Amino acid sequence: MDYKAVAQQTSQEVFGYNQETSGWKVIKNSITVSIKASKRFVGNLYRVEVVIPESSTKLSDFLYQPRNRITWDKSLKAYNVIHSIDSGTLICHTITQSFAMGSISPRDFIDVVHIKYYEGNVTIISSKSVDFPGYPPTSDYIRGYNHPCGYVCSPLKENPAYSKLVMFVQTEMKGKLPPSVIEKTMPSNLINFVLNAKDGLRTCKASSGCGNHNTHSTSPKKK
């Protein structure tokens with residue numbers, strides 16, 4: 001599989017989502033969460049919009065770097081780089097926590113993650129599930145599937161020292177979950193992710209731990 005081509009195509013698709021202004025239905029207002037029917041599977045494409053008190057450059061670096069992710073993203077059990085294609089393209093293995101008081105069991109995902117820079121200090125971090133040798137689905141976790149997802153980080157027009165973060169998520173959880181369960185829990189999970197990221201940024205700045213992203217962290221290959 002040409003993972004770099006998949007990564008570039010996914011980044012372009014997320015860029016397209018960010019240009020779409022019609023068809024979105026707002027379902028949460030505290031942090032704006034909208035949905036529309038996904039064109040990729042029978043489910044929803046979620047859009048989350050929020051202002052982050054950090055520059056777009058620092059925000060995108062924080063969201064992309066793997067080494068700090070597990071410390072602030074409380075939705076994850078594990079987040080490991082299993083292959084580095086180049087400095088802007090990684091293959092990552094993610095294991096989630098359970099959700100909704102245990103009614104949604106942990107999932108694992110294999111994704112190609114790509115960071116791409118656009119004019120105007122706009123950065124897109126995209127991800128899409130792929131198959132990768134040595135990491136087949138196991139009986140330990142249900143293997144989920146991420147259709148093109150991503151973060152769009154751009155300077156806030158009113159205050160370029162702040163960022164506008166727009167997040168797109170269309171995750172196929174697999175298993176035997178009723179769609180109503182996913183629709184009920186996904187908006188809150190997305191809001192929690194944003195709150196966790198804000199807390200993580202504050203902690204990172206306070207400890208001066210926000211360095212350049214490290215793409216060489218790997219986990220042992222499963223036997």
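What counts as what
Residues numbered from 1 in each chain as written. Predicted model: local features only at pLDDT ≥ 70, side-chain atom pairs only at ≥ 80, totals over all residues. Heavy atoms only, no water. UniProt positions renumbered as here; feature names shortened; annotations may be inferred. Helix = DSSP H or I, 4+ residues; strand = E, 2+ residues; numbered from the N terminus. Axes fitted to C-alpha atoms, helices over the stretch in contact; angles between N-to-C directions. Parallel < 35°, antiparallel > 145°, perpendicular 65-115°, else oblique. Contact = heavy atoms within 4.5 Å. Nonpolar A, V, L, I, M, F, W, Y, C, P; charged D, E, K, R; others polar. Buried < 20%, exposed > 50% of the residue type's maximum accessible area, 1.4 Å probe, protein only. Core = buried A, V, L, I, M, F, W, Y, C linked by side-chain atoms within 4.5 Å. Salt bridge = Lys/Arg side-chain N within 4 Å of Asp/Glu carboxyl O. Disulfide = S-S within 2.5 Å. Pairing = 2+ DSSP bridges.

Going by an unreviewed UniProt entry, the chain carries the name StAR-related lipid transfer protein 6 isoform X2 and comes from Octodon degus. You can read under Function (unreviewed entry) in the UniProt record for the chain the words "May be involved in the intracellular transport of sterols or other lipids. May bind cholesterol or other sterols."

Enquirer: So what exactly am I meant to see when it comes to the UniProt feature "domain: START" (unreviewed entry) in the chain here?
Expert: According to UniProt, the positions carrying the feature "domain: START" (unreviewed entry) are residues 20-206. Between the end C-alpha atoms of residues 20-206 there is a gap of 37 Å, over a span that is 22% helix and 44% strand.

Enquirer: Help me out: how do you make sense of the packing of helix α2 (residues 56-64) against helix α4 (residues 179-206) in this one?
Expert: Geometry of a packed helix pair, given as the angle between the helix axes and the separation of the axes. Look at α2 against α4: their axes get within 11 Å of each other, and the N-to-C directions meet at 105°. The orientation of α2 with respect to α4, classified from their angle, is roughly perpendicular. Residues L59, F62 and L63 of α2 lie in contact with α4, whose contacting residues are F193, A197, G200, L201 and C204. In the contact of α2 with α4, the residues fall into seven nonpolar, one polar and no charged.

Enquirer: Got a minute to help me understand unusual backbone geometry in this structure?
Expert: Negative phi characterises most residues that are not glycine, and trans characterises most peptide bonds. Positive phi, normally seen in glycine, also occurs at N121, with a value near 60°. Positive phi, close to 60°, is recorded for K174, a residue that is not glycine. Inspection of the secondary structure puts K174 in the loop between β12 (171-172) and α4. With a relative accessible area of 36%, K174 lands in the partly exposed category.

Enquirer: I would appreciate a short explanation of the nonpolar core in the present structure.
Expert: The tendency in soluble globular proteins is for nonpolar side chains to be buried side by side. Membership of the largest hydrophobic core comes to 39 residues, with the highest contact counts inside it found for L63, L165, M167 and L190. Ranked by residues supplied to this core, first place goes to α4 with nine residues. Once residues within four sequence positions are removed from consideration, L63 is found in contact with R69, W72, I125, Y151, C153, L165 and F193.

Enquirer: Teacher, can you tell me more about the pattern of salt bridges here?
Expert: Side-chain pairs of opposite charge can arise where the charged atoms are in close proximity. With the rule as written, the count across this model stands at 10 salt bridges. Across the pair E13 and R40 runs a salt bridge whose closest N-O atoms are separated by 2.5 Å. One end of the pair, E13, is in helix α1 (residues 3-19); the other, R40, is in the loop between β2 (32-37) and β3 (44-52), and 27 residues separate them in sequence. The salt bridge involving E20 is made with K36; its shortest N-O contact spans 2.8 Å. Remark: K36 occurs in strand β2 and E20 occurs in the loop between α1 and β1 (25-28); sequence separation between them is 16 residues. Accessibility expressed as a relative area gives 25% for E20, which makes it partly exposed.

Enquirer: Whenever I open this one, α2 confuses me. Can you help?
Expert: Counting buried positions along α2 yields seven of nine residues, so the element is predominantly enclosed. For α2, every residue scored as buried is listed here: S56, L59, S60, D61, F62, L63 and Y64.

Enquirer: Can you walk me through the state of the cysteines in this structure?
Expert: What is meant by a disulfide is a covalent connection between two cysteines, made through their sulfur atoms. Overall, the coordinates contain zero disulfides when judged by the stated rule. Looking at the unpaired C149, the closest cysteine sulfur is the one in C92, lying at 13 Å. C149 sits in the buried class, given a relative accessible area of 6%.

Enquirer: Explain the pairing of strand β6 (residues 107-118) to me, please; I cannot follow it from the model alone.
Expert: One face of the sheet, then the other: side chains in a regular strand alternate in exactly this way. Counting buried positions along β6 gives 10 out of 12 residues, so the element sits mostly inside the fold. Sheet analysis places β6 next to strand β8 (residues 142-143), joined by two bridges and oriented parallel. When the sheet's bridge partners are listed, R107 is paired in β8 with I142. Inspection of the sheet shows β6 paired to strand β7 (residues 122-129) by eight bridges, in the antiparallel sense. Residue pairing across strands places K116 opposite I124, the latter belonging to β7. Connecting β6 to the next strand, β7, in antiparallel fashion are three residues, including G120 with a positive phi near 80°.

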